[in-house]
Each structure stands twice: as structure tokens, then as C-alpha cells.
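Examining the three-dimensional arrangement
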Amino acid sequence: MAGSWRARAQAGGMLLALLGWVSSCVTTFVPLWKSLNLDLNELEVWTMGLWQVCIAREEGAVECRAHGSFLALPPELRVSRLLMCLSNGLGLLGCLLAAPGLEGWRACEDKPGLKRRLLLAGGAAFGTAGMATLAPVSWVAYNTVLDFWDDTVPDIVPRWEFGEATFLGWFAGAFLAAGGLLLACSARSTRTATPPAPTCRQPPAAQGPAGGHHPHPKNADLVI
């Protein structure tokens with residue numbers, strides 16, 4: 001029963017972590033972190049990502065332009081680039097570490113301690129990747145809210161709003177963290193029970209040549 005629970009927890013954790021990792025990679029590269037609808041020209045929708053800005057027109061044409069300089073970006077976008085790339089790398093590392101530690105994987109079957117350590121390391125990598133995804137997405141969302149409700153900006157000026165990648169990034173970070181936690185918990189329960197210490201048995205009493213015990217001399221037989 002315990003083995004079945006561990007196998008299910010590991011399969012569910014690996015599935016969640018893989019889904020979160022793929023979603024995090026998509027979030028990193030799509031230009032949908034922010035969206036801007038122009039009131040003066042409703043036929044155009046502006047979107048912004050970590051790498052480029054795009055303009056979608058009503059006829060279906062999409063024109064994208066990369067950011068000019070890394071140093072010219074706002075601080076939240078610069079840090080988000082680094083953290084999202086770090087998250088993607090940690091997610092890949094978690095896949096490579098956790099896969100050999102899964103039950104049913106033939107690698108390292110004769111080394112249960114190594115499989116447990118690999119599973120723990122993979123879960124930790126996935127959890128760290130989740131935090132590295134949630135932090136930049138939440139930071140960009142926080143600054144978007146501050147800019148949207150900034151009273152110093154005239155009402156006629158268009159405001160940036162949340163893009164689809166913001167919500168996808170939140171889901172990706174949650175999936176990565178949940179998958180890493182499941183893998184780590186299942187690894188903690190795979191500790192092999194230590195075999196009981198062998199009991200010390202006293203050797204049987206030495207027997208005589210006829211198979212009987214040596215007769216003890218009586219007091220009467222003693223010669224003084």
C-alpha cells in the first residue's frame with residue numbers, strides 16, 4: 001500500500017512539474033506579459049514581453065520589434081529575464097535528476113539510497129524553479145497595478161494591463177512548486193528499513209565423546 005502511494009505521488013508530482021516547466025518556458029518567450037488597448041485606435045492592440053513588443057491589427061497582421069537594449073529596460077523586466085532563464089534551467093535540471101529516482105525506473109535499482117537522493121534533489125530543483133517563476137511574474141504584475149492606478153498620469157493616457165502570460169506564469173510557478181513538494185515528500189517516505197541487528201546466541205555446551213555432559217566430580221570421589 002505504501003509503495004502504491006509513493007508511485008502515485010511520484011507520478012503526479014512529475015506530471016505537475018513537467019507541466020509547470022513547459023508553461024514556464026512558454027511564459028518566458030511569449031510577448032504577452034502586458035497588453036495595451038488604445039482608445040484612439042481600437043484596431044490595434046499592443047502587447048509586451050520580456051524580449052519584444054508586438055502590435056496586433058484587426059486584419060490579423062502582427063508586427064513585433066525586439067527591445068533595443070537590455071540596460072534600457074525597466075528593472076523588473078531585466079531581473080525577470082534572468083530569473084525566468086534560471087527557472088527554465090532549474091526545471092530541466094529537475095527533470096534530469098528526478099527521472100532516475102522514480103519507482104519503476106530501471107536506473108539505479110540496486111542503489112535505493114542514491115535513488116532517494118536523486119528524487120530529493122529533483123524536487124528541490126523544481127521547487128526553486130517555481131519560486132524563480134513566481135517572483136518575476138508577481139513583480140511585473142505589481143508594477144502594472146501601480147502604473148494603472150497612478151493618479152499623476154492623465155486619464156487620457158492608455159494604461160498597460162495584465163497579459164495572458166502573467167496568469168500562465170502564476171500557474172506555472174504553482175505547478176512547479178507543487179510537483180517538487182510531492183516528489184520530495186515521496187522521497188522522504190522511501191527510506192529503507194534497517195535490518196534488525198543479529199542476535200548473539202551462545203554456543204552449545206561442549207559435549208563429551210559419548211555425546212553426554214562431562215560428569216562433575218563429587219566430594220566423596222575427591223582424594224585428599
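Up top you'll find the structure we're talking about.
This section reports on the structure supplied with the text. (Residues numbered from 1 in each chain as written. Predicted model: local features only at pLDDT ≥ 70, side-chain atom pairs only at ≥ 80, totals over all residues. Heavy atoms only, no water.)

This paragraph deals with the state of the cysteines. Counted under the stated rule, the structure contains one disulfide. Shown here is the disulfide that connects Cys54 with Cys64, its sulfur atoms set 2.0 Å apart. On the S-S bond that ties Cys54 to Cys64, the torsion sits near 105°, and the link is right-handed. With a gap of ten residues between them, Cys54 in strand β3 (residues 52-57) and Cys64 in strand β4 (residues 62-66) connect regions that are remote in the sequence. Judged by its relative accessible area of 3%, Cys54 is buried. Classification of Cys64 by relative accessible area gives partly exposed; the value is 39%. For the unlinked cysteine Cys25, the closest cysteine sulfur is that of Cys95, found at 9.1 Å. (Disulfide = S-S within 2.5 Å. Helix = DSSP H or I, 4+ residues; strand = E, 2+ residues; numbered from the N terminus. Buried < 20%, exposed > 50% of the residue type's maximum accessible area, 1.4 Å probe, protein only.)

The subject of this paragraph is the packing of aromatic side chains. According to the stated counting rule, one finds six aromatic pairs in the structure shown. Each ring, one from Phe148 and one from Trp149, has its centre 5.1 Å from the other, and the planes form 80°; the classification is edge-to-face. Judged by relative accessible area, Trp149 falls into the exposed class, the value being 63%. Geometrically, the ring pair formed by Phe162 and Phe167 is edge-to-face, given 6.0 Å between the ring centres and 80° between the ring planes. Given the relative accessible area of 30%, Phe162 is considered partly exposed. Aromatic rings pair up to connect Phe162, Phe167 and Trp170 into one cluster. (Phe/Tyr/Trp six-rings, centres within 6.5 Å; stacked < 30°, edge-to-face > 60°.)

A separate point is the pattern of salt bridges. Here the structure, examined in full by the defined rule, presents three salt bridges. For Arg57, the salt bridge goes to Glu44, with nearest N and O atoms at 3.5 Å. In this pair, Arg57 is assigned in strand β3 and Glu44 in strand β2 (residues 44-48), connecting sequence segments 13 residues apart. When the shortest N-O distance is used, the salt bridge between Glu63 and Arg57 registers 3.4 Å. We classify Glu63 as partly exposed; its relative accessible area is 45%. Exposure remark for Arg57: the relative accessible area of 28% places this residue in the partly exposed category. (Salt bridge = Lys/Arg side-chain N within 4 Å of Asp/Glu carboxyl O.)

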